[in-house]
Amino acid sequence: MARRVQIPTNNSALIAMIADEDTITGFLLAGVGNVDIRRKTNYLIVDNKTTVKQIEDAFKEFTTRDDIGIVLISQFVANMIRFLVDSYNSPVPAILEIPSKDHPYDPANDSVLSRVRYLFNTESVAGDRR
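For the structure given in this document, a descriptive report is provided here. None of these values were measured; they are calculated from a predicted model.

Moving on to the environment of N109. Position of N109 among the secondary structure elements: in the loop between β4 (94-98) and α5 (111-129). Separated by 31 residues in the primary sequence, N109 and A78 have C-alpha atoms spaced 9.0 Å apart. Setting aside residues up to four positions removed in sequence, N109 forms contacts with Q75, N79, R82 and E97.

A few words on the packing of aromatic side chains. Applying the stated criterion across every chain, the model contains 1 aromatic pair. Taken together, a centroid distance of 6.0 Å and an interplanar angle of 80° make the contact between F59 and Y88 edge-to-face. Of this pair, F59 sits in helix α2 (residues 52-64) while Y88 sits in the loop between α4 (82-87) and β4, and the two are 29 residues apart along the sequence. When sorted by exposure, F59 lands in the same class as Y88, which is buried.

Next up on the list: the pattern of salt bridges. Tallied over the full model, the rule gives 8 salt bridges. For the salt bridge of K40 with E61, the shortest nitrogen-to-oxygen distance reads 3.7 Å. Taken as a pair, K40 in the loop between α1 (21-29) and β2 (43-45) and E61 in helix α2 lie far apart in primary sequence, 21 residues in all. A relative accessible area of 35% means that K40 is categorised as partly exposed. Exposure remark for E61: the relative accessible area of 24% places this residue in the partly exposed category. Several salt bridges share partner residues, and in doing so they unite K40, E61, R65 and D67 into one network.

The rules behind each value
- Counting of residues starts from 1 at the beginning of each chain's written sequence and follows it residue by residue.
- In view of the model being predicted, local features appear only for residues whose pLDDT reaches at least 70, and side-chain atom pairs are presented and counted only at 80 or more, with totals across whole chains, interfaces and linings using the full set of residues.
- Heavy atoms from the whole structure form the basis of all side-chain values; hydrogens and water molecules are not counted.
- In this text, helices come from DSSP runs of H or I with a minimum length of four residues, and strands from runs of E with a minimum of two, each type numbered from the N-terminal end.
- Throughout, a contact is declared for two residues whenever any of their heavy atoms are within 4.5 Å.
- Pairing of aromatic rings covers Phe, Tyr and the six-membered ring of Trp, with a centre-to-centre limit of 6.5 Å; geometry is then stacked below 30 degrees between planes, edge-to-face above 60, and tilted otherwise.
- Think of it in three bands: residues with accessible area under 20% of the maximum for their type are buried, residues over 50% are exposed, and the middle band is partly exposed, with areas taken using a 1.4 Å probe on protein chains only.
- Salt bridges are counted wherever a side-chain nitrogen of Lys or Arg sits within 4 Å of a carboxyl oxygen of Asp or Glu.

So this is what it looks like as C-alpha coordinates:
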(Lines give C-alpha, C1' and ligand atoms only; values in the text may rest on other atoms or scores of the structure.)
Protein backbone atom coordinates (compact mmCIF):
# COMPACT_ATOMS: atom_id res chain seq x y z
CA MET A 1 0.00 0.00 0.00
CA ALA A 2 1.30 3.45 -0.88
CA ARG A 3 2.39 5.76 1.89
CA ARG A 4 -0.05 8.64 2.40
CA VAL A 5 1.45 12.09 2.27
CA GLN A 6 0.19 14.55 4.89
CA ILE A 7 -0.77 17.78 3.17
CA PRO A 8 -0.44 20.87 5.38
CA THR A 9 -3.72 22.69 5.95
CA ASN A 10 -2.54 26.13 7.02
CA ASN A 11 -4.43 29.07 5.54
CA SER A 12 -1.38 31.09 4.54
CA ALA A 13 0.07 29.12 1.62
CA LEU A 14 1.67 31.33 -1.01
CA ILE A 15 2.05 31.00 -4.74
CA ALA A 16 5.68 31.24 -5.87
CA MET A 17 6.64 32.22 -9.40
CA ILE A 18 9.65 31.77 -11.64
CA ALA A 19 9.02 33.54 -14.94
CA ASP A 20 9.78 36.48 -17.20
CA GLU A 21 9.14 40.05 -16.10
CA ASP A 22 5.78 40.47 -17.86
CA THR A 23 4.34 37.30 -16.33
CA ILE A 24 5.59 38.17 -12.84
CA THR A 25 4.23 41.72 -13.17
CA GLY A 26 0.79 40.39 -14.08
CA PHE A 27 0.70 38.13 -11.04
CA LEU A 28 2.03 40.87 -8.78
CA LEU A 29 -0.74 43.20 -9.97
CA ALA A 30 -3.21 40.42 -9.12
CA GLY A 31 -1.87 40.39 -5.54
CA VAL A 32 0.23 37.23 -5.57
CA GLY A 33 3.51 38.88 -4.49
CA ASN A 34 4.92 38.62 -0.98
CA VAL A 35 8.02 39.90 0.83
CA ASP A 36 8.71 38.45 4.28
CA ILE A 37 10.53 40.07 7.20
CA ARG A 38 13.88 38.74 5.91
CA ARG A 39 13.20 40.56 2.58
CA LYS A 40 12.71 37.23 0.77
CA THR A 41 10.27 37.32 -2.13
CA ASN A 42 8.11 34.55 -3.52
CA TYR A 43 9.17 35.17 -7.11
CA LEU A 44 12.19 35.21 -9.41
CA ILE A 45 12.24 37.37 -12.52
CA VAL A 46 14.14 35.56 -15.27
CA ASP A 47 15.81 37.65 -17.94
CA ASN A 48 18.83 37.20 -20.22
CA LYS A 49 21.19 37.94 -17.29
CA THR A 50 19.71 35.27 -15.00
CA THR A 51 21.93 32.20 -14.72
CA VAL A 52 20.71 28.61 -14.64
CA LYS A 53 22.24 28.33 -11.16
CA GLN A 54 20.03 31.18 -9.92
CA ILE A 55 16.96 29.47 -11.39
CA GLU A 56 17.96 26.15 -9.80
CA ASP A 57 18.49 27.82 -6.42
CA ALA A 58 15.13 29.58 -6.57
CA PHE A 59 13.35 26.35 -7.55
CA LYS A 60 15.00 24.45 -4.69
CA GLU A 61 14.20 27.26 -2.23
CA PHE A 62 10.55 27.53 -3.28
CA THR A 63 9.99 23.77 -3.19
CA THR A 64 11.40 23.49 0.34
CA ARG A 65 9.66 26.48 1.93
CA ASP A 66 6.79 25.57 4.25
CA ASP A 67 4.71 28.61 3.35
CA ILE A 68 4.47 27.88 -0.41
CA GLY A 69 1.63 25.76 -1.78
CA ILE A 70 2.08 26.21 -5.55
CA VAL A 71 5.08 27.04 -7.73
CA LEU A 72 4.22 28.55 -11.10
CA ILE A 73 7.09 28.30 -13.56
CA SER A 74 7.16 29.45 -17.16
CA GLN A 75 7.63 26.50 -19.44
CA PHE A 76 10.66 28.00 -21.18
CA VAL A 77 12.30 28.46 -17.75
CA ALA A 78 11.31 24.93 -16.72
CA ASN A 79 13.06 23.63 -19.84
CA MET A 80 16.30 25.20 -18.55
CA ILE A 81 16.08 23.11 -15.37
CA ARG A 82 14.06 20.20 -16.79
CA PHE A 83 16.04 17.62 -14.79
CA LEU A 84 14.97 19.30 -11.52
CA VAL A 85 11.35 19.74 -12.54
CA ASP A 86 11.01 16.16 -13.76
CA SER A 87 12.68 14.71 -10.67
CA TYR A 88 10.45 16.66 -8.27
CA ASN A 89 7.74 14.32 -6.95
CA SER A 90 6.24 15.89 -3.83
CA PRO A 91 2.54 16.85 -3.92
CA VAL A 92 3.08 20.12 -2.02
CA PRO A 93 4.06 22.54 -3.32
CA ALA A 94 2.51 21.65 -6.65
CA ILE A 95 4.55 22.60 -9.72
CA LEU A 96 2.58 24.07 -12.63
CA GLU A 97 4.16 25.05 -15.93
CA ILE A 98 2.57 28.07 -17.58
CA PRO A 99 3.05 29.79 -20.95
CA SER A 100 4.56 33.22 -21.30
CA LYS A 101 3.99 36.04 -23.75
CA ASP A 102 7.02 35.22 -25.89
CA HIS A 103 7.00 31.43 -25.52
CA PRO A 104 3.79 29.51 -26.29
CA TYR A 105 2.77 26.47 -24.27
CA ASP A 106 4.02 23.13 -25.59
CA PRO A 107 2.15 20.15 -24.10
CA ALA A 108 4.95 17.80 -25.16
CA ASN A 109 7.30 19.45 -22.63
CA ASP A 110 4.88 19.64 -19.67
CA SER A 111 6.01 17.25 -16.93
CA VAL A 112 2.64 17.20 -15.16
CA LEU A 113 0.77 16.41 -18.37
CA SER A 114 3.23 13.65 -19.25
CA ARG A 115 2.72 12.07 -15.80
CA VAL A 116 -1.07 12.20 -16.23
CA ARG A 117 -0.80 10.61 -19.67
CA TYR A 118 1.42 7.90 -18.23
CA LEU A 119 -1.10 7.16 -15.46
CA PHE A 120 -4.02 6.99 -17.88
CA ASN A 121 -2.07 4.76 -20.26
CA THR A 122 -1.16 2.44 -17.37
CA GLU A 123 -4.78 2.32 -16.21
CA SER A 124 -6.07 1.59 -19.70
CA VAL A 125 -3.53 -1.22 -20.13
CA ALA A 126 -4.47 -2.66 -16.71
CA GLY A 127 -8.17 -2.37 -17.58
CA ASP A 128 -7.66 -4.35 -20.80
CA ARG A 129 -6.10 -7.23 -18.83
CA ARG A 130 -9.21 -7.83 -16.75
